[in-house]
Amino acid sequence: MELRSLVLNFCAVAAMLPCLSVKSAATFQPGAVWPDQRGQHIQAHGGGILKVGDTFYWFGEDRSQTNQRGRRYVACYASTNLAQWTFRNQVVKQADPENLGRGWILERPKVFYNAPTKKFVLYAHIDNGRYNFASVAVFTCDTVDGDYQYLKSFRPLGHESRDIGQFIDDDGAAYLIFEDRPFGFRIAKLSADYLNVEKEMCLIPQHMEGGAVVHYDGLYYAIGSELTGWRANPNKYATAKSLAGPWSEFKDIAPPEKNTYGSQSTMLLKIAGTKTPRVIFMGDIWRPQTQWDSRYLWMPLEIGGGKLTLPEPREWTLDITTGETKIGK
Ligand code: GAL
């Protein structure tokens, strides 16, 4: 047996044995193939994470080569330590719902849980091949990893919307972040049932994709990338005391010549941690010609006091209980 398949088989078996998938084994290798419990590279590109109880669910674009051409797919994976993931379902296997034509797109899915209606609500960017439909699609489901049903598409608050991001504040309020090409980057509150985008919190007049927000130690940090398509660029951040702003100037999250180490932001994930809260940068390393092989760059951020830095990618470990991380040499 080849070394690669030996390793993949070992990972698959280890993930199935509860005694081996201990929490301390949470090791991350930015940029590497990331096998799920079946040994298949995770398909959750441009994704987001929802925590339900002790379980994290990772949703993202499923670009598997075996997918049907005319359909668009979202996959869902589950984990309790963020490193070892079990494939749960292709929660979306959608045929073109708005007659957008060949090359229609469904990108950057994000799932919210609405407690009052007990529904899981999935937002995604829906578009035609020319990217001028510029709308969000909404799907719902009664279970986190069931088959999501298409509900509708619309332009949030009447504005163009391409890349989207999600933000859930410490008080549980849910926000959609969306890139509005003529104006900039908007953060808007969802309606009580999460099926609509109801109230604009702010317009940051900066043109940014891959938008994400985190609330850390009394400050909001907004992050995003420049508009260079699949090509990496220097991602930037700004801070504000309130979501409504005023927001600071945007600064680089890493030396600009590194182009975010070849990645593009998709989410800032906060881990509560009994010892320390941690914020993880989740980014995509796109491979536009072989999208199914696009990689992930996750690293714990250096964050606080209004500063945010993405360290150079290296292997690292996370203790999901305490929030402690160790970055390799
Ligand atoms: C990127 C965007 C991706 C995808 C791509 C298409 O800027 O973040 O989600 O839309 O452009 O070129």
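Notes on the structure follow. (Residues numbered from 1 in each chain as written. Predicted model: local features only at pLDDT ≥ 70, side-chain atom pairs only at ≥ 80, totals over all residues. Heavy atoms only, no water.)

1. What about the state of the cysteines?
On inspection of all chains with the given rule, the structure shows zero disulfides. Unpaired in this structure, C76 has its nearest cysteine sulfur neighbour in C141, at a distance of 9.5 Å. Exposure remark for C76: the relative accessible area of 0% places this residue in the buried category. (Disulfide = S-S within 2.5 Å. Buried < 20%, exposed > 50% of the residue type's maximum accessible area, 1.4 Å probe, protein only.)

2. So, the site of the ligand
The ligand sits among E107, R108, Y131, D163, E209, G229, W230 and Q264. The contact in question runs from an oxygen atom of the ligand to an N or O atom on the side chain of Q264, over 2.9 Å. Alone, the ligand offers 310 Å² of accessible surface; in the complex the protein occludes 89% of this. Here the residues of the shell around the ligand are counted per class, giving two nonpolar, two polar and four charged. (Near = heavy atom within 4 Å. Polar contact = N/O pair within 3.5 Å; in protein donor to acceptor, adjacent residues only side chain to side chain. Areas by Shrake-Rupley, 256 points an atom, 1.4 Å probe, with all protein chains shown as cover. Nonpolar A, V, L, I, M, F, W, Y, C, P; charged D, E, K, R; others polar.)

3. Observations concerning the packing of aromatic side chains
For the structure on display, the rule yields 19 aromatic pairs. Centroid distance W58 to Y296: 4.9 Å. Interplanar angle 70°. Geometry classified as edge-to-face. Taken together, the residues W58 in strand β3 (residues 55–61) and Y296 in strand β20 (residues 295–300) connect sequence positions 238 residues apart. Grouping residues by exposure puts W58 and Y296 together as buried. Note on F167 and Y220: the rings are 6.0 Å apart at their centroids and 85° apart in plane angle, and the pair reads as edge-to-face. Placement of the pair is F167 in strand β10 (residues 164–168) and Y220 in strand β15 (residues 219–225), with a sequence separation of 53 residues. Take F167 and Y220: they sit in the same class, and that class is buried. Three or more aromatic residues joined by ring pairs form one cluster here, namely F28, W34, W58, W85, Y296, W298 and W316. Positioned above the aromatic ring of F87 is the side chain of R38, whose terminal nitrogen or guanidinium carbon lies 3.9 Å from the ring centre. (Phe/Tyr/Trp six-rings, centres within 6.5 Å; stacked < 30°, edge-to-face > 60°. Helix = DSSP H or I, 4+ residues; strand = E, 2+ residues; numbered from the N terminus. Lys NZ or Arg CZ within 6 Å of the ring centre and 35° of its normal.)

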